[in-house]
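Overview (structure and organization)
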Amino acid sequence: MKPAPFVYHDPRTVAEACDLLATRENARVLAGGQSLMPMMNFRYAMPDHLIDLNRVDELAYLRCEGEVLRVGAMTRQRDLEFSPEVGKRCPVLREALSHVGHRQTRNRGTLGGSLCHLDPSAELVNVAALLGGTLHVVSKGGARDIPFAEFAVAYMTTSLQPDELLAGATLPLPARGRGHAFAEFARRHGDFAIVACSALIGLDRDGRIADAAVALSGLGHAPVRPASIERALRGEKPGAAAFKAAAAEAGGFDAVADAYVTAAYRRHLARVLVYRALEQASMRALEAGNG
Ligand SMILES: Cc1cc2nc3c(=O)[nH]c(=O)nc-3n(C[C@H](O)[C@H](O)[C@H](O)COP(=O)(O)OP(=O)(O)OC[C@H]3O[C@@H](n4cnc5c(N)ncnc54)[C@H](O)[C@@H]3O)c2cc1C
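In this text the structure is predicted, and so the values were computed from the model without any measurement. (Residues numbered from 1 in each chain as written. Predicted model: local features only at pLDDT ≥ 70, side-chain atom pairs only at ≥ 80, totals over all residues. Heavy atoms only, no water.)

**Topic: the overall build of the protein**
- When helices and strands are counted, the protein shows 11 helices and 13 strands.
- In terms of C-alpha radius of gyration, the protein reaches 19 Å, essentially the compact-globule figure of 19 Å for 291 residues.
- If you line up the protein on its principal axes, its C-alpha atoms span 60 × 45 × 30 Å.
- Among the 291 residues that make up the protein, the fraction classed as buried is 50%.
- The contacts of the protein with a sequence gap of at least 6 include a subset with a gap of at least 24, amounting to 63%.
- Per element, the accessible surface of the protein, about 13800 Å² overall, is 52% carbon and sulfur.
- Positive and negative charge centroids in the protein, built from 34 and 32 side chains respectively, lie 4 Å apart. (Helix = DSSP H or I, 4+ residues; strand = E, 2+ residues; numbered from the N terminus. Rg over C-alpha atoms; globule rule 2.2 N^0.38 Å. Buried < 20%, exposed > 50% of the residue type's maximum accessible area, 1.4 Å probe, protein only. Contact = heavy atoms within 4.5 Å. Areas by Shrake-Rupley, 256 points an atom, 1.4 Å probe, with all protein chains shown as cover. Lys, Arg positive; Asp, Glu negative; His and termini not counted. Charge placed at Lys NZ, Arg CZ, Asp CG, Glu CD.)

Laid out in structure tokens, this is it:
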């Protein structure tokens, strides 16, 4: 398979890349190429101009600053996975990354590429929803921030304008003592999940759930943060009764069907994975409290 002809551009700065995006018709940026190159080879994507971000060094950075993690769009998934700071302060991100494709794809694939590709089942998209991140977007006309919750507008379609570039993301770090979990079901290890659920749980002094965050992906075009489940968990003793109630609610959510998976099966997975994620996150919160 070969891509349709295109003109290749090799900018070295964000300003140059933005200038190209503003002045070239039907342009697309290239990050790790792990999704875009196959799409071009299959001719699902036929840009006339390909703007390669791989030499724009200012887009690759990774810093924990206080209670947030700042990540450049061109930061490789493998660098996130092996960052000691990410492992320590945001282990749910590391755990999610271990499910993203294969080590070869993670060597090239970037945070920004995954978020902009916006596959409904992508693990990094799920975790961005869980953490409630903010995306930093630039164009020739200026810069703006987009809360991650407002990034998806339709199936694999972001709210980025054609002349805009994702520069980076700020992800709030889970508060200390939070237990985490990332649970997914995929046909084979390394495939996109059919459904995935991540969770963060904090316990109070009595061992009850003080706060809970849950992100479910794979049911629709974007991950959901089920507020009703998060609310209902607060004040509950972590255990089968609370987790079963949460799982039962997740099993009633709307889900899409496709050529491979029925909506009913997705709902079944949501039920199972919500239970597992809550159970593991609570166990880890308990261990963190006892540790
Ligand atoms: C065999 C295989 C298995 C995989 N399995 C999984 C999996 O299990 N889970 C998973 O989540 N992913 C999986 N992937 C996809 C992988 O994670 C990709 O890395 C990711 O989807 C895209 O990231 P990228 O950096 O390669 O972006 P690219 O492929 O270069 O770009 C993807 C899209 O995002 C746009 N884009 C990229 N960067 C920016 C930016 N800064 N601003 C604006 N637009 C931008 C591009 O124009 C393009 O439309 C797999 C890929 C392969 C090849």
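After that view of the structure, there is still more to cover.
**Regarding the environment of Gly 202**
- Locating Gly 202 in the fold gives a position in strand β12 (residues 195-203).
- C-alpha separation for the pair Gly 202 and Ala 288, spaced 86 residues apart in sequence, amounts to 9.7 Å.
- When residues no more than four places from it in sequence are discounted, the contact partners of Gly 202 are Arg 178, Arg 208, Ile 209, Ala 210 and Asp 211.

**With respect to the site of the ligand**
- Taken together, 31 residues are adjacent to the ligand, and Val 29, Ser 35, Leu 36, Thr 110 and Glu 123 come closest.
- In the model, an oxygen atom of the ligand is placed 2.7 Å from a nitrogen or oxygen of the Gly 33 main chain.
- Separating an oxygen atom of the ligand from a backbone N or O atom of Leu 36 is a distance of 2.7 Å.
- Protein contact buries 89% of the 970 Å² of open area that the ligand shows by itself.
- Elements with a contribution of two residues or more to the shell around the ligand: β2 (27-30), α7 (111-117) and β10 (165-172).
- In terms of residue count, α7 provides more of the shell around the ligand than any other element does, 4 residues in total.
- Residue classes in the shell around the ligand are distributed as 13 nonpolar, 15 polar and 3 charged.
- Split by domain, the residues of the shell around the ligand number at least three in each of domain 1 (1-173) and domain 2 (179-290). (Near = heavy atom within 4 Å. Polar contact = N/O pair within 3.5 Å; in protein donor to acceptor, adjacent residues only side chain to side chain. Nonpolar A, V, L, I, M, F, W, Y, C, P; charged D, E, K, R; others polar. Domains from an automatic or database assignment.)

**What about the domain arrangement of the protein?**
- By the assigned domains, the protein splits into domain 1 (1-173) and domain 2 (179-290).
- Taking only C-alpha atoms, the centre of domain 1 and the centre of domain 2 are 26 Å apart.
- Domain 1 puts 23 residues into the contact, and the matching count from domain 2 is 28 residues.
- Both faces combined, the contact of domain 1 with domain 2 buries some 2000 Å², and carbon together with sulfur accounts for 59% of it.
- When the area that domain 1 buries against domain 2 is broken down by residue, the three leading residues are Glu 95, Asn 126 and Leu 130, summing to 30%. (Buried area = accessible area lost by both parts, 1.4 Å probe.)

**Describing the packing of aromatic side chains**
- Counted under the stated rule, the structure contains 4 aromatic pairs.
- Residues Phe 148 and Phe 151 carry aromatic rings whose centres are separated by 6.0 Å and whose planes lie at 40° to one another, so their mutual orientation is tilted. For the pair Phe 148 and Phe 151, one class covers both residues: buried. (Phe/Tyr/Trp six-rings, centres within 6.5 Å; stacked < 30°, edge-to-face > 60°.)

**A word on unusual backbone geometry**
- In this structure, Arg 43 takes a positive phi of about 65° despite not being glycine.
- Tracing the backbone through its elements, the reader meets Arg 43 in the loop between α2 (36-41) and β3 (49-52).
- Owing to a relative accessible area of 42%, Arg 43 belongs among the partly exposed residues under this scheme.
- We note that Met 156 has phi near 50°; this positive angle belongs to a residue other than glycine.
- Inspection of the secondary structure assignment puts Met 156 in the loop between β8 (152-154) and β9 (157-158).
- Residue Met 156 is classed as partly exposed on the basis of its relative accessible area, which comes to 26%.

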